[in-house]
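This is what each chain is made of:
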Amino acid sequence: MNGRASHRRRIALHRITLAVVLVAGAAAPAAAQVAVRAGTLHTVSGPPMEDAVVIAGADGRIEWVGPASEADIPAGVEVLEAVVVTPGLVDAHSVVGLSGALNSDAGQVRDQDQLDRTAPIQPELRAVDAYDATETLVEWVRSYGVTTLHTGHGPGALISGQTMIVKTRGRNVEEATVAPARMLAATLGRAVASNFESPGTSSKGVAMLRAALIDAQAYRDRAQRAAGGGADAPEPPARDLAQEALVRALERELSLLVTANTATEIAAALRLQREFGFDLVLDGAAEAYLLLDEIRAAGVPVVVHPPMSRVRTGSFETAARLDEAGIPFAIQTGFEGYVPKTRVLLWEAAIAAANGLGRERALEAVTLGAARILGVDGRVGSVEVGKDADLVLFDGDPFEYTTHVCGVVIESEVLSRECR
Amino acid sequence: MQQRTIRLLSFLIVAALPGAAPAAAQDEAHVFRGATVIPIAGPPIESGVLVVQGGSITAVGGPEIVAPQGAVEHDLTGRVLLPGLVDSHSHVGSVSGGDRSSPLHPDVRGLDSIDIASDSFWRARAGGITTVNVMPGSGHLMSGQTVYLKLRDGGRTIEDWLFCGDPLTDVCGGMKMANGTNSLRDPPFPGTRARSAALVRGLYHEAQAYVERQAARADADPPAARDLRLEALAEVLAGERIVQHHTHRHNDIATVLRLQEEFGFRVVIQHGTESWKLADEIAAAGVPVSITFIDAPGGKEETLDWSLEIGAILERAGVDVAFNTDDFITDSRLLLRAAAISVRNGMSREAALEALTLAPARMLGLEHRVGSLEAGKDADFVVLSGDPFSVYTTVEQTWVEGRLIYDRSNPEHRRYAVGGHDVYRTTAEEEEALRRLLEGEGR
């Protein structure tokens, strides 16, 4: 049984982990070579293959993929077998690792680090400074197939902070990190008003975001002129971490992940994107089905809310509608304020699969589709030679309620073997 | 518009009938053929036949069953037919309970607050739910009386959906109790677990004295003064009103068993997150568990030790197990899913199906009316497109007392199965509750 670790035990483990790290340094455990034989292999980058083998190399990458009959598995290499094998799942948006299972916002044990309420715009907050690799929920989501996690600051502020990409392993954030900063997490609409004195309305929130981005443009311009030298060059501006982060968004080094659920909020996000030209990723987007043409025209991808989440205007069919409209999308587990403290990506995708999206498209939405939106498709999201050897082993259709996850492999390391 | 007319007509029919049940009685017989019939009371029947008339089931069996002449024929080849699902813990209908004036409100009736027009009832119909125990929340030691509802066709006031005959004279539901952290607040609420138990014991002792006093003065003139709080608890002590007890942690569950032993009431453990740790003790006490199936641990300290194997562990120990939605903690449309994932985690298919039907019916004391497909029982059933435990299966039809109350092939009904813009409207109260919930304030 996993997930039963009491909080005290978790704390104790954390201390032990720390001690080990101090002795061993930050090096990840060396992976051994392993081979996986699949009744059906979903590479996602190509059509499913029957009776196929994946050889995962000692360097953590996929060495060979092909029919079992042609596989040349080196002697002594462990061979795992499964009815169905998929790439490791990629959760396109979560707060796991910042938001913990205890849901404690105060006192000695607080594990809610996804939202700081001191100011509504804090782009300088880094996810790497908060991510807890030993959080119970990290192991939980991994045990249901998630190997890559886009996590960080949550919804609820105009800009709550940065997000990062991790693998669901490692004893600390350094071992887990794939990309230390990937997006800025922003939220539009009334949801912000309940957390701050101001903005108190949706339009005030947009006005504050515009002002912040215009300030950042001025900061960037002054810094550029200062760097240019010459007689007219101004003094370089004093270093401002918030402005620096916003400039990275304006320069499209960081995307703006904008949580916008109603059609009004989605339209406001598209309007901001048109004004400032940042890379927009729509998050939640419960009413995306009302603005399919506008979203497609803007070329904006959508990280749709978990189908089973308590978004009143949400639909089990939103993912299918986005897919029909040709809009790039992925499925997320998102943020939960209560129980369950995190959702299970596999089961959320299953609801989308059963509600018009279908198995293959749903699988792509939680693997390669998500990896593309996150910009890590060169490394994860499909079973191809040279990519990270991240695999999930199933004993049946991955989305069926009664199917088990029987193994999870991250970079050639077998992290679980029991069916659950 | 047409929908409204139909509803109005059905109301007229309902209103013309004396008593509340079975409200939607009709004389025309219906026969359903070809489905795999899962009666719960017996093994599944391939190419089964179900005959209903007058709101009740008149026959269940194989192809040998002869339908009455003139019965309306329904071909359900390839489908699966289950009894209507019984949700033993739900908050649909914008129900409310006691206020902040006291931690104990045994006199407060949930039925006085329910909005019968709430769209949340459509969520239940779309999930195949036909009987539902609507409960006030868990922020009190006793938040009020729960109400057992049948989601009949039509209905203008809550009276049209009751199981009981008359709320002025009958017991129409259970008693919601809670322990653990939800009801720990500033005075007059308890500040500790032990204080919680002491407050509850004190009130039950008062109720015992009240019962004796009333009996002693049964023929007195003037009659003894009524106390609505103690009157409701007297029904609990008499075993007429079942305690539906919110409880998560092992020590809180043990407290529930201790109170049950002291006062002898009928109790159902609701949620029972850590009940797998006390499976043998719960089985020995003969107390059933109604599980709210959550996908991951946490959300609060009490729910950290959640196990997906809970259903299997309790089944092995011989505990009567049900699954509930606790809507909107989980979604009424997905009640089947709780049982399906429990099968994944070791529960038998038989026990998992019973946990959606006959077991929760027992927990509400309604097993003589609902929960299985047997002659004489209410004609409440669900038509599924396939295996009850497959994610790809949909609820095609929901029938209550011989009437079709949900039909996925009707676009007006189907939208409640998938959701979307303007499907689930919310009241300001619900919005506030949802906001608090999503921000982790719990309830």
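Just so it is clear, the structure is predicted and the values come from calculations on it, not from any experiment.

Undergrad: An account of the overall build of chain B is requested, with residue identities and associated values reported.
TA: Summing up its helical and strand segments, chain B has 12 helices and 17 strands in all. Here the C-alpha radius of gyration of chain B, 22 Å, is about what a compact globule of 443 residues would show, namely 22 Å. Within the span of chain B, comprising 443 residues, buried residues form 61% of the whole. Restricting the contact set of chain B to residue pairs at least 6 apart, pairs at least 24 apart contribute 69%. In chain B, the 42 positive side-chain charges and the 60 negative ones have mean positions that sit 3 Å from each other.

Undergrad: Which residues make up the domain arrangement of chain A, and what are the values?
TA: Residue and element names in this part refer to chain A. As far as domains go, chain A holds domain 1 (31-88 + 381-420) and domain 2 (89-379). Taken together, the contact pairs 26 residues of domain 1 with 29 residues of domain 2. Summed over the shared surface of domain 1 and domain 2, the result is 8 salt bridges. In this structure, Glu411 and Arg169 form a salt bridge, with 2.7 Å as the shortest nitrogen-oxygen distance. There are 13 residue pairs in polar contact (both at pLDDT 80 or more) connecting domain 1 and domain 2. Those elements that provide at least two residues to the side of domain 1 that touches domain 2 are strand E4 (78-87), strand E14 (391-394), strand E15 (405-410) and strand E16 (413-416). In terms of residue count, the dominant contributor to the side of domain 1 that touches domain 2 is E15 (4 residues).

Undergrad: Can you tell me about the pairing of strand E3 (residues 56-61) of chain B, naming the residues and giving the values?
TA: Residue and element names in this part refer to chain B. Across 5 bridges, strand E2 (residues 45-53) lies against E3 in antiparallel orientation. Paired with Val52 across the two strands is Ile57, which belongs to E3. Hairpin connection between E2 and E3: a loop of 2 residues separates the two successive antiparallel strands, and Gly54 in this loop has a positive phi of roughly 60°.

Undergrad: Describe in detail the nonpolar core, supporting the description with residues and values.
TA: Residues A:Tyr131, B:Leu149, B:Tyr204 and B:Phe323 are the most contacted members of the largest nonpolar core, which totals 195 residues. A per-element tally of this core places helix H9 (residues 345-357) of chain A first, with 9 residues. Inspection of this core shows a minimum of three residues originating in each of domain 1 (31-88 + 381-420) and domain 2 (89-379) of chain A. When near neighbours in sequence (up to four residues on either side) are disregarded, B:Tyr204 contacts B:Met142, B:Met177, B:Leu233, B:Val236, B:Leu237, B:Val243, B:Phe263 and B:Phe265.

Undergrad: Residue-level account of unusual backbone geometry, with values.
TA: Both trends apply: most residues other than glycine have a negative phi, and most peptide bonds are in trans. Here the bond from A:Val339 into A:Pro340 is cis, since omega is -5°, no more than 30 degrees from zero. Here A:Pro340 shows up in the loop between strand E13 (329-331) and H9. Cis geometry is adopted by the peptide bond preceding B:Pro188, which originates at B:Pro187 and carries an omega value of 10°. Mapping B:Pro188 onto the fold places it in the loop between strand E10 (175-178) and helix H3 (193-216). Phi angles above zero are rare outside glycine, and A:Ser412 is one such case at about 75°. Relative to the assigned elements, A:Ser412 resides in the loop between E15 and E16.

Undergrad: Report on helix H11 (residues 411-418) of chain B, specifying residues and quantitative values.
TA: Residue and element names in this part refer to chain B. Along H11, the positions that sit buried rather than exposed are His413, Tyr416, Ala417 and Val418. The N-capping residue of H11, defined by a side-chain oxygen 2.9 Å from the backbone nitrogen of Glu412, is Asn410. Phi turns positive, to about 90°, at Gly419, one or two residues after H11.

Undergrad: Break down the sheet that holds strand E6 (residues 85-90) of chain B for me, citing the residues and quoting the values.
TA: Remark on secondary structure: sheet strands pair via backbone hydrogen bonds, oriented parallel or antiparallel. Residue and element names in this part refer to chain B. Ordered in space as E6-E7-E9, the 3 strands form an open sheet in which the pairing is mixed. Taken across any chain shown, the strands that pair with only one partner, and hence form the sheet edges, are E6 and strand E9 (147-150). Averaged over all adjacent pairs, the angle separating strand axes in this sheet is 20°, with direction ignored. With 4 bridges connecting them, E6 and strand E7 (residues 129-134) associate as parallel partners. The partner of Ser90 across the bridge, within E7, is Val134.

Undergrad: So what about the interface of chain B and chain A? Which residues, and what values?
TA: On the side of chain A, 51 residues touch chain B, which itself brings 50 residues to the contact. Surface buried jointly by chain B and chain A totals about 4,500 Å² across both partners, of which 58% is contributed by carbon and sulfur atoms. Summed over the three residues of chain B that lose the most area to chain A, namely B:Arg344, B:Val391 and B:Tyr392, the buried surface amounts to 19% of that side. If you look at where chain B meets chain A, you find 1 salt bridge. Two residues, B:Arg414 and A:Glu317, come together in a salt bridge whose shortest N-O distance is 2.6 Å. Elements represented by at least two residues in the side of chain B that touches chain A include exactly helix H8 (335-344), H11 and helix H12 (428-438) of chain B. In the side of chain B that touches chain A, the residues fall into 23 nonpolar, 12 polar and 15 charged.

Undergrad: Describe the side chain of A:Gln243, naming the residues involved and giving the relevant values.
TA: Topologically, A:Gln243 is positioned in helix H5 (residues 241-250). Those residues within four positions of A:Gln243 in sequence are excluded, and the remaining contacts are A:Ala212, A:Asp215, A:Ala216 and A:Tyr219.

Undergrad: Break down H3(B) for me, with residues and values.
TA: Residue and element names in this part refer to chain B. With 24 residues, H3 should reach 34 Å at 1.5 Å per residue; the first-to-last C-alpha distance of 35 Å fits that figure. Restricting attention to buried positions, one finds in H3 the residues Ser196, Ala197, Leu199, Val200, Leu203, Tyr204, Ala207 and Tyr210. For H3, the secondary structure elements touched by its buried residues are strand E8 (142-145), E10, helix H4 (228-237), strand E11 (243-247) and helix H5 (250-263).

Undergrad: I'd like to hear about the environment of B:Val287, residue by residue, with values.
TA: Residue and element names in this part refer to chain B. Position of Val287 among the secondary structure elements: in the loop between helix H6 (279-285) and strand E13 (289-292). Take Val287: its relative accessible area is 4%, and that puts it in the buried class. Put simply, Val287 and Val267 are 20 residues apart on the chain and 6.5 Å apart in space, counted from C-alpha to C-alpha. Once residues lying within four places of it in the same chain are set aside, the contact partners of Val287 are Leu257, Val267, Ile269, Ile282 and Val319.

Undergrad: Run through the state of the cysteines, naming residues and quoting values.
TA: Among covalent bonds in proteins, the disulfide is the one between the sulfur atoms of two cysteines. Residues and elements named next belong to chain B. Applying the stated criterion to the full structure yields 2 disulfides over all chains. Sulfur-sulfur distance for the disulfide between Cys164 and Cys172 comes to 2.0 Å. Residues Cys164 and Cys172 are joined by a disulfide whose S-S torsion is about 85°; by sign, that bridge is right-handed. Neither Cys164 nor Cys172 differs from the other in exposure class; each is buried.

Undergrad: How would you explain the sheet that holds E10(B) if you had to name every residue and give the values?
TA: Residues and elements named next belong to chain B. The mixed open sheet is built from 6 strands, whose spatial order is E8-E10-E11-E12-E13-E14. In this open sheet, the two edge strands, each paired with only one partner strand, are E8 and strand E14 (321-324). On average, each strand axis in the sheet is inclined to that of its neighbour by 25°, with strand direction left out of account. Pairing between E10 and E11: 4 bridges, direction parallel. In the sheet register, Met175 faces E11, and the bridge partner there is Val243. H4 rests against E8, E10 and E11 of the sheet, and its axis sits at about 90° to E10.

Calculation rules
- Residues numbered from 1 in each chain as written.
- Chains lettered and ligands numbered in written order.
- Predicted model: local features only at pLDDT ≥ 70, side-chain atom pairs only at ≥ 80, totals over all residues.
- Heavy atoms only, no water.
- Helix = DSSP H or I, 4+ residues; strand = E, 2+ residues; numbered from the N terminus.
- Rg over C-alpha atoms; globule rule 2.2 N^0.38 Å.
- Buried < 20%, exposed > 50% of the residue type's maximum accessible area, 1.4 Å probe, protein only.
- Contact = heavy atoms within 4.5 Å.
- Lys, Arg positive; Asp, Glu negative; His and termini not counted.
- Charge placed at Lys NZ, Arg CZ, Asp CG, Glu CD.
- Domains from an automatic or database assignment.
- Salt bridge = Lys/Arg side-chain N within 4 Å of Asp/Glu carboxyl O.
- Polar contact = N/O pair within 3.5 Å; in protein donor to acceptor, adjacent residues only side chain to side chain.
- Pairing = 2+ DSSP bridges.
- Core = buried A, V, L, I, M, F, W, Y, C linked by side-chain atoms within 4.5 Å.
- Axes fitted to C-alpha atoms, helices over the stretch in contact; angles between N-to-C directions.
- Buried area = accessible area lost by both parts, 1.4 Å probe.
- Nonpolar A, V, L, I, M, F, W, Y, C, P; charged D, E, K, R; others polar.
- Expected span 1.5 Å × (residues − 1).
- Disulfide = S-S within 2.5 Å.

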